[in-house]
Amino acid sequence: AQSVTQPDIHITVSEGASLELRCNYSYGATPYLFWYVQSPGQGLQLLLKYFSGDTLVQGIKGFEAEFKRSQSSFNLRKPSVHWSDAAEYFCAVGDQAGNMLTFGGGTRLMVKP
Amino acid sequence: GAGVSQSPSNKVTEKGKDVELRCDPISGHTALYWYRQSLGQGLEFLIYFQGNSAPDKSGLPSDRFSAERTGGSVSTLTIQRTQQEDSAVYLCASSPRTGDTQYFGPGTRLTVL
């Protein structure tokens, strides 16, 4: 069965600092990987996805993520965080048929001025 | 274009009552998914539709839960005899086809008193 672990429940960074959110997955084959962001009271917005090909994926809002098969990781990064990035971030893995997503527990990001 | 819409946005009901939650997918999307987001369980997959068919209903938490989709468009998630543990945010997503990126609606917050 597939699973996703986001080790950090809460992260606080200063505005302008760099950010890395960790995601580890368990899946028997080549995974489909996603990062979504959820602002308070909102639905999930897709930041970026990895299906195949280049392991460094660029997304919206200046985010990127790198797929590392040897580490079963898909960490999300941003070089300079803005106050508007404060939200909850979810990593997800999709099965090969794409019929369901399995989500991690989420990481809540707070941004200090 | 219009995104996934869900109604109602909030629903408060009494224990034992039935509720219906509605999802309008993005036009032309053939695949539709239901998820539940709760404090204790995180984001859980419930069921998906390819067209009007739901091939796998094993994600539904109990036989009080059912879902249907008509005309390859609107879907309704019905919870009968609601219990307090059903309180959660119910999220709907759609994708152009199974295996493609899922786009989420804003969710319906269900509170069972």
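You'll find the structure just up there.
The structure presented is a predicted model; accordingly, all values stated were derived computationally and were not measured.

**Details of the overall build of chain B**
- If you tally the helices and strands in chain B, you get 0 helices and 10 strands.
- In chain B, the succession of helices and strands from N to C terminus is β-β-β-β-β-β-β-β-β-β.
- Compactness check: chain B gives a C-alpha radius of gyration of 13 Å against a globular reference of 13 Å for 113 residues, within 12% of the reference.
- Overall, chain B is about 35 × 30 × 25 Å in size when its C-alpha atoms are taken along their principal axes.
- In chain B, which comprises 113 residues, the proportion classed as buried is 49%.

**Considerations on the environment of B:G42**
Residues and elements named next belong to chain B.
- Within the secondary structure, G42 is located in strand β5 (residues 42–50).
- Among the residues examined, G42 registers a relative accessible area of 23% and is labelled partly exposed.
- Distance from G42 to A88, taken between C-alpha atoms, is 9.7 Å for residues 46 residues apart in sequence.

**Thoughts on the sheet that holds strand β3 (residues 19–24) of chain B**
Residues and elements named next belong to chain B.
- Read from one edge of the open sheet, 4 strands run β1-β3-β7-β6, paired in antiparallel fashion. Both outer strands of the open sheet, β1 (5–7) and β6 (65–69), are each paired with one neighbouring strand and no more. Strand-to-strand twist across the sheet, computed as the mean angle between neighbouring axes with direction ignored, equals 15°.
- Here 3 bridges tie β1 to β3, and the two strands are oriented antiparallel to one another. Note on β3: the bridge partner recorded for S7 is R22.

**So, the nonpolar core**
- Counting residues in hydrophobic clusters, the biggest one holds 26 residues, and the most contacted among them are A:L19, A:W35, A:L47, A:L48, A:F74, A:L76 and A:Y89.
- Breaking this core down by element, the ones donating at least two residues are β2 (10–14), β3 (19–21), β5 (32–38), β6 (44–50), β8 (64–68), β9 (73–78), β10 (87–94) and β12 (107–112) of chain A.
- Broken down by element, this core gets its largest block of residues, 4 residues, from β10(A).
- In this structure A:L76 touches A:L19, A:E20, A:L21, A:W35, A:L47, A:L48, A:F63, A:E64, A:A65 and A:Y89, once residues within four positions along its chain are discounted.
- With 21 residues, the next largest nonpolar core counts B:V4, B:L21, B:C23 and B:I79 among its residues.

**Here's the deal with the side chain of B:T101**
- Tracing the chain through its elements places B:T101 in the loop between β8 (88–95) and β9 (103–104).
- With relative accessibility at 0%, the residue B:T101 sits in the buried group.
- A distance of 2.7 Å separates the side chain of B:T101 from the side chain of A:K49, its partner in a polar contact.
- Those residues in contact with B:T101 that sit more than four places away from it in its chain are A:F34, A:Y36, A:L46, A:K49, A:F51, B:S94, B:S95 and B:P96.

**What to know about the interface of chain A and chain B**
- Each partner contributes to the interface: chain A provides 17 residues, whereas chain B provides 15 residues.
- Regarding the contact of chain A and chain B, the summed buried area is about 1400 Å², with carbon and sulfur atoms giving 56% of it.
- Joining chain A to chain B, the criterion identifies 4 residue pairs in polar contact (both at pLDDT 80 or more).
- Listed by contribution, the elements that provide at least two residues to the side of chain A that touches chain B are β5, β6 and β11 (101–103) of chain A.
- For the side of chain A that touches chain B, the leading source of residues is β5(A), giving 4 residues.

Conventions adopted
- Every residue gets a number counted from 1 within its own chain, in the order that chain's sequence is written.
- Whichever chain is written first becomes A and whichever ligand is written first becomes 1, with later ones labelled in order.
- Two thresholds apply to this predicted model, a pLDDT of at least 70 for residue-level local features and 80 or more for giving and counting side-chain atom pairs, whereas whole-chain, interface and lining totals are computed over all residues.
- Each side-chain value is derived from all of the structure's non-hydrogen atoms; neither hydrogens nor water enter the calculation.
- Helix numbers and strand numbers start at the N terminus; a helix is a DSSP run of H or I with at least 4 residues, a strand a run of E with at least 2.
- For a compact globule the rule gives 2.2 Å times the number of residues to the power 0.38, and the radius of gyration it is set against comes from C-alpha atoms.
- Here the term buried applies to any residue with accessible area under 20% of the maximum for its type, exposed to any over 50%, and partly exposed to those in between, with areas from a 1.4 Å probe on protein chains only.
- Between any two strands, pairing holds if DSSP finds at least two bridges.
- Interaxial angle, 0 to 180 degrees, is taken between N-to-C directions of lines fitted to C-alpha atoms, where a helix line uses only the stretch in contact.
- By nonpolar core is meant a set of buried Ala, Val, Leu, Ile, Met, Phe, Trp, Tyr and Cys residues that side-chain atoms within 4.5 Å join together.
- Here, residues are in contact when the closest pair of their heavy atoms is within 4.5 Å.
- Polar contact is the term for a pair of N or O atoms within 3.5 Å; when the atoms are in protein, one must be able to donate a hydrogen and the other to accept it, and sequence-neighboring residues count only if both atoms are side-chain atoms.
- By definition, the buried area sums, over both parts, the 1.4 Å-probe accessible area that each loses when the two are put together.

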